[in-house]
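# Architecture and fold: a report
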Amino acid sequence: MVSKTIEQTQAEWAAHGMIAGMQAQLDREPDPDKRKSLEDAIAEQRKRIDSD
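### Points about helix 1 (residues 6-27)
With 22 residues, helix 1 ought to run about 32 Å at 1.5 Å a step, and its terminal C-alpha atoms sit 32 Å apart, in line with that. Among the residues of helix 1, Ala-15, Ile-19, Met-22 and Leu-26 are the ones counted as buried. Axial view of helix 1: buried residues confined to an arc of 70°, hence all on one face. Opposite the buried face of helix 1, at more than 90 degrees from it, the exposed residues are Ile-6, Gln-10, Trp-13 and Asp-27. Turning to helix 1, the residues buried within the fold contact helix 2 (32-50).

### Describing the side chain of Gln-45
Structurally, Gln-45 can be placed in helix 2. Those residues in contact with Gln-45 that lie beyond four places of it in its chain are Ala-15, Met-18, Ile-19 and Met-22.

### Things to note about the pattern of salt bridges
Under the definition given, this model contains 4 salt bridges. Lys-4 serves as the salt-bridge partner of Glu-12, at 2.3 Å between the closest nitrogen and oxygen. On the accessibility criterion, Lys-4 (42% relative accessible area) is partly exposed. The salt bridge partner of Lys-36 is Asp-40, with a shortest N-O separation of 2.8 Å. You can see Lys-36 and its partner Asp-40 sitting in helix 2, 4 residues apart, about one turn around the helix. Taken together, the shared-partner salt bridges connect Glu-44, Lys-47 and Arg-48 into one network.

The rules behind the values
Residues numbered from 1 in each chain as written. Predicted model: local features only at pLDDT ≥ 70, side-chain atom pairs only at ≥ 80, totals over all residues. Heavy atoms only, no water. Helix = DSSP H or I, 4+ residues; strand = E, 2+ residues; numbered from the N terminus. Expected span 1.5 Å × (residues − 1). Buried < 20%, exposed > 50% of the residue type's maximum accessible area, 1.4 Å probe, protein only. Arc of directions from axis to C-beta. Contact = heavy atoms within 4.5 Å. Salt bridge = Lys/Arg side-chain N within 4 Å of Asp/Glu carboxyl O.

Pasting the structure below:
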């Protein structure tokens, strides 16, 4: 297993925080178009985390 730098770890935590915020917004969003946009943004952030 490759060790992560402090910067990589901080970036990953920031991304997790962003995902949590977007998920909270998604949970209360009634507009289907905005929901799709949020779902896509969450998926993109998760992809970035998983690729590290």
